[in-house]
Amino acid sequence: MLNNLTDTEEGDGGAQSQGDSIPKESSPFINSSDAAAEKSQQYDGKNMALFEEEMDTSPMVSSLLSSLANYSNLPQGSKEHEEAENNEAESSRKKPVKAPQLGTLMGVYLPCIQNIFGVILFLRMTWLVGIGGVVGTFVIVTMCCTTTMLTAISMSAIATNGVVPAGGSYYMISRSLGPEFGGAVGICFYLGTTFAGAMYILGAIELLLIYIAPQAAIFPLEGLEGPEAEAALLNNMRVYGTILLTSMATVVFVGVKYVNKLALVFLACVILSILAVYAGVIKTGIDAPDFPVCLLGNRTLVWKTFDVCSKTVETANGTVTTQLWSMFCDSPFLNATCDKYFTANNVTRIQGIPGVASGILSENLFGTYYEKGDLIARTNMDSVEDQDDPLTNANRYVLADIASFFTLLVGIYFPSVTGIMAGSNRSGDLRDAQKSIPVGTIAAITTTSLVYMSSVILFGACIDGVVLRDKFGEGVHGNLVIGTLAWPSPWVIVIGSFFSTCGAGLQSLTGAPRLMQAIAKDGIVPALRIFGHAKANGEPTWSLLLTACICEIGILIASLDLVAPILSMFFLMCYMFVNLACALQTLLRTPNWRPRFKFYHWALSFLGMSLCLTLMFLCSWYYAIVAMVIAGSIYKYIEFAGAEKEWGDGIRGLSLSAARYALMRLEEGPPHTKNWRPQLLTLVSTDAEQNVEQPRLLSLTNQLKAGKGLTIVGTALVGTFLENYEQSQRAEQALRKLMETEKVKGFCQVTVSSNLRDATSHLIQASGLGGLKHNAVLVSWPRNWRQGDEHQTWRNFVELVRETTAADLALLVPKNVAAFPSNGERFTEGHIDVWWIVHDGGMLMLLPFLLRQHKVWRKCKMRIFTVAQLDDNSIQMKKDLTTFLYHLRIDAMVEVVEMHDSDISAYTYEKTLVMEQRSQMLKQIKMTKTEREREIQSITDSSRGSIRRKNPAAVTTQLSVSEEPPAGSEEEKPEEESKSASSPVSPPDQVQLIHDSTTPASPATPATPLTPAEGVQSPGTQVQMTWTEKCDGEPAKPPGAATPEGIKDLFNMKPEWENLNQSNVRRMHTALRLNEVIIKKSSEAKLVLLNMPGPPKNRTGDENYMEFLEVLTDGLNRVLLVRGGGREVITIYS
């Protein structure tokens, strides 16, 4: 849907504007104040009042139709349709655009005829028939013409699918297949057009130096033989070709209007030349022309330096030798010593053009292929020769100048069917492009195909084989072979083909720079932007200079037969992608694919594409590979360095279809263990400015992605979506920017919900699509979770652990993530230690392997520790584990750590007591006054006996102070307010008392009663001061355990220990013992991975769970807690 349609200014006639909210597409609707005022009047009525609030985005239908009626597509050479972001035409918008008037005949048919008929028809067609035979050449012509016809059908479908501005095949391919394919094929098409210019120039010079003015050669050919004569001819071609190229480039630079004015003259030359050939064919059936060919034996002689095709002639004075005799003998006398072959064979004079009724067609049906330097001989004549005798007087015979084979003929012929894009290139000048392009192009291809096919048959039926195979007409007095057939004179063809060839060269030098300019202005290839500049009149000066330089490369090759296959490659590649574009759009059934031309089918397009690919390798397999490498290099360059364009191309549609198909396949079942890889959902938090708070999480994500797979980076925002939409967009941009910085390839997702817990839950539930969902969650350990004002953070974390467990997702929790290495760091040595305590599906084995694929961890060695109990055989365990790792193909050191049952230490009891007291304190933060008093009473009652033994005066004082009603706490406060509420003594002070009773010097004593000023502290501050066991990373010593007196006090607390939850005591014991062992073995490790225990089923122990994990990982620098997803992720099988 168009998002912002407005009216066109009067008289604007289709000027461009950004009519869409997306600036990458333009529309014919112009934003203007006049239009806006007019629209407000249109809505100012009772009938339209319902829609008056939408007037800025949705015009009335009448306004829309009026705008469409005033819209006209851009003329050729102007800016492309959707490049509204280029503001260079701003000044010319007010100028009325002249309506295009060209019809099908003048706009499409005749330009295509002129571009298709070219130099190959006049200079090589007869030679192709002679070498390949009528049958072989007819097959070549049929293949090539079929290819262009199928391409024309595909092109017609694309060209009629909406308005196609000037740009031809480049525009169609780039908008159908995307900027990468469009740029690559557009440049290939440009190179093909440029080399076509070189081919036309070389053809014109060949006509000039061989047939029109041989005496103009700078490097004379007279008296030269073999390679020397060939080198002299090529040098002449180079010199004259460069001169002609410079002249043509100057003409184009001065003004393209002169080229366009001469176009009809050049077209008339082409048509007259072809008509002269057909007239000559008809005449041969009535009266065959006299074009004799002289044969010695069955060898064709070069008829230049002799006048009579005979060894001797009879005169009144007797038998006299001829000039031919002197060529092969050492003297003009009859008793002279002559060439053996000359002596043994007779001289025969045959008609080079026996005529269409002569039956010569049967002799020319099949081909005769030669190696370079072979003699051009008549196949149905016998000759006397000794195979052992070397060839002498080779320059007297007509020789093959190049090695010939079927595929070479394909490459040389194909340029004669190119030029089918001429109509689409002029689409801006057509009155009705969607009607004219299909009709005119297909009619032109039909006409030219009939001419080519009939020419093959007629040449084979009229001209003798030795003349057909004589490329330069040396056997017919140096005449152009097709000229010998023409009527009334060979000069009609020679002059006509010379001018038509020059005209085609000028057209190439005119079209190629504009194509380069269009590519440069699109901005998809940054290196070519300079070629988008033009003179004040719009002529692409820099592009013309580049075109002339590339064209000079073709001129320096100097051989028409070598240049033709080069441009065949580039044109074939272009046509192949036109067919691909049509097939792709048809199969994808994109809603915008609605061509007016209905006579197309995806199978025809695929057939055309296959023919193009076949012809590429038939012409020259190494040229085909080079062309593909060039196109591939340009494609990758545009992909990595080019500007991103959204043109609604078919590749995007193909990606969508492929993605849908793949997702449907993934739905068929979970992936096999061998295909399992971590599909990460990385959860990050953002600050008030929407900047990511834990960037190292994404560094770790990148390091884990050696297994590829899916990556989703998600964050949660609190609020409502409507109010926080812009905030979510900023957060998403921040995520994308950080992902790009950390080179994380994946997707980002921002969820907004009323609270953080729900938003995170939504991310875990809804991220991914179908079978492409995350199977692991990466989230950092909550920092400062012990602070009272952070209690919701750890609650959210524990709930997240529960949700991942319920969803069968793996969970990775890096602790102290700020200490993890960035992607730029390198560990030159060290270990990654895995503490394999319980089997979790193999995640602990797989993650270090993936990490070591990254350059950060590559030098680290892997160690695996496992724990043996009292009844385990540790030696056998080590053997089994080593064997298991060997089968897993993982290199790691193995160590079994023995942990025998031991008595639970006093330190364990003390830690458990501290933990439970802290849990009580955290509960009371949210209690009402009555609940607080009741809870305090229960705590004091449960431990009154032991506390009274220690410090009865302190108990009395503390309780009496704490029971005073705190100011401002008459009613229950919400959680957030309770953090800052002031009270003389908060409930944690009561717990403080219990804690401090174990220390020699208690802060609260009768001598130092708490004053109101000292007691006014927030619960969070009190918790931080009282219950944080570590400070600056140093583990706090157990209270009372520092001195013998303290130890004695611990034993005095036995009554308290008996009231502890024994399950918590056992868990604390395990955590302390494991931590002790891990510190001993892995304190120097670069990374420690260990199993993450699950949370308690009863939610009342959540804070204890966090404490267990803290104790378990205490004193370790980098820890990655791993919790499996409930399935095997690694296997020993292949």
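The rules behind each value
- Residues numbered from 1 in each chain as written.
- Predicted model: local features only at pLDDT ≥ 70, side-chain atom pairs only at ≥ 80, totals over all residues.
- Heavy atoms only, no water.
- Core = buried A, V, L, I, M, F, W, Y, C linked by side-chain atoms within 4.5 Å.
- Buried < 20%, exposed > 50% of the residue type's maximum accessible area, 1.4 Å probe, protein only.
- Helix = DSSP H or I, 4+ residues; strand = E, 2+ residues; numbered from the N terminus.
- Pairing = 2+ DSSP bridges.
- Axes fitted to C-alpha atoms, helices over the stretch in contact; angles between N-to-C directions.
- Contact = heavy atoms within 4.5 Å.
- 1 Å grid on protein atoms, 1.4 Å probe; cavity = no way out; pocket = protein on both sides within 12 Å on 5 of 7 lines; lining within 4 Å.
- Points joined across faces, edges and corners; volume = space filled by probe spheres on them.
- Nonpolar A, V, L, I, M, F, W, Y, C, P; charged D, E, K, R; others polar.
- Patch = residues over 30% accessible without salt bridge, like charges linked within 9 Å, V, L, I, M, F, W, Y side chains within 5 Å.
- Areas by Shrake-Rupley, 256 points an atom, 1.4 Å probe, with all protein chains shown as cover.
- Salt bridge = Lys/Arg side-chain N within 4 Å of Asp/Glu carboxyl O.
- Lys, Arg positive; Asp, Glu negative; His and termini not counted.
- Charge placed at Lys NZ, Arg CZ, Asp CG, Glu CD.
- Left-handed = near helix turned anticlockwise from the far one by under 90°.
- Polar contact = N/O pair within 3.5 Å; in protein donor to acceptor, adjacent residues only side chain to side chain.
- Parallel < 35°, antiparallel > 145°, perpendicular 65-115°, else oblique.

Moving on: the nonpolar core. Among the nonpolar cores identified, the biggest contains 162 residues, and Met125, Met199, Tyr413, Tyr452, Phe459 and Ile463 are the most heavily contacted of them. Broken down by element, the residue count for this core peaks at 24 residues, all from helix H6 (residues 168-212).

Right, let's get into the sheet that holds strand S16 (residues 1087-1091). Spatial strand order, S8-S7-S6-S9-S10-S17-S16-S11-S12-S13: 10 strands in an open sheet with mixed pairing. The open sheet has two edge strands, strand S8 (747-753) and strand S13 (893-898), and neither has a second partner. Across the sheet, the mean angle separating the axes of adjacent strands is 20 degrees when strand polarity is ignored. Two elements, strand S6 (residues 680-684) and strand S9 (residues 776-779), share 4 bridges in a ladder whose sense is parallel. Bridge pairing links leucine 681 to valine 777 in S9. In this fold helix H27 (residues 874-887) packs onto strand S11 (831-836), strand S12 (861-868) and S13, with an angle of close to 150 degrees to the strand it touches most, S13.

Enumeration over the complete set of coordinates arrives at 9 cavities of 30 Å³ or more. Taken as a whole, the largest cavity holds about 100 Å³ of empty space. What lines the largest cavity is a set of 15 residues, among which Trp127, Leu399, Ala400, Asp401 and Arg469 lie closest to the centre. Looking at side-chain class alone, the lining of the largest cavity contains 9 nonpolar, 1 polar and 5 charged residues.

Take a positive patch on the surface next. Taken together, the side chains of Lys743, Arg826, Lys855, Arg858 and Lys859 make up a positively charged region of the molecular surface. Assignment of secondary structure puts arginine 826 in the loop between strand S10 (810-815) and S11.

Here we take up the packing of helix H8 (residues 256-286) against helix H13 (residues 433-462). The description of two helices packed together rests on the angle between their axes and the distance between the axes. Axis separation between H8 and H13 bottoms out at 11 Å; the angle between their running directions is 35 degrees. H13 is crossed by H8, and the crossing has left-handed handedness. Residues Ile274, Val277, Tyr278, Val281 and Thr284 of H8 pack against Leu450, Val451, Ser454, Ser455, Leu458, Phe459 and Cys462 of H13. For the contact of H8 with H13, a count of residues per class yields 9 nonpolar, 3 polar and no charged.

Another aspect to go through is the sheet that holds strand S2 (residues 299-300). Strand order in this open sheet of 3 strands is S2-S1-S5, and the pairing throughout is antiparallel. The strands lining the two open edges of the sheet, one partner per strand, are S2 and strand S5 (347-351). With 2 bridges connecting them, strand S1 (residues 292-296) and S2 associate as antiparallel partners. Residue pairing in the sheet places leucine 296 in a bridge with arginine 299 of S2.

Quick look at the environment of arginine 1123 now. For arginine 1123, the location among the structural elements is in strand S17 (residues 1119-1123). Along the chain, arginine 1123 and threonine 805 lie 318 residues apart, while their C-alpha atoms are 8.4 Å from each other. If near-sequence neighbours (up to four positions away) are discounted, arginine 1123 is found in contact with Val801, Thr805, Leu809, Ala810, Leu811, Met1092, Pro1093, Gly1094 and Pro1095. A polar side-chain atom of arginine 1123 sits 3.3 Å from the main-chain carbonyl oxygen of methionine 1092.

Turning our attention to the packing of helix H22 (residues 695-704) against helix H26 (residues 843-851). Orientation of H22 relative to H26, taken along the N-to-C sense of each, is 95 degrees, at an axis distance of 8 Å. Considering the angle they form, H22 stands roughly perpendicular to H26. Residues Leu700, Gln703 and Leu704 of H22 form the contact with H26, whose own contacting residues are Leu847, Leu850 and Leu851. Tallied by class, the residues present in the contact of H22 with H26 amount to 5 nonpolar, 1 polar and no charged.

Glancing now at a nonpolar patch on the surface. Taken together, the side chains of Leu613, Phe617, Trp621, Tyr622, Ile625, Met628 and Val629 present a nonpolar region at the surface, about 660 Å² in accessible area. For the nonpolar patch, the elements supplying multiple residues, two or more each, are helix H19 (602-619) and helix H20 (621-641). If you tally residues by element for the nonpolar patch, the top one is H20, at 5 residues.

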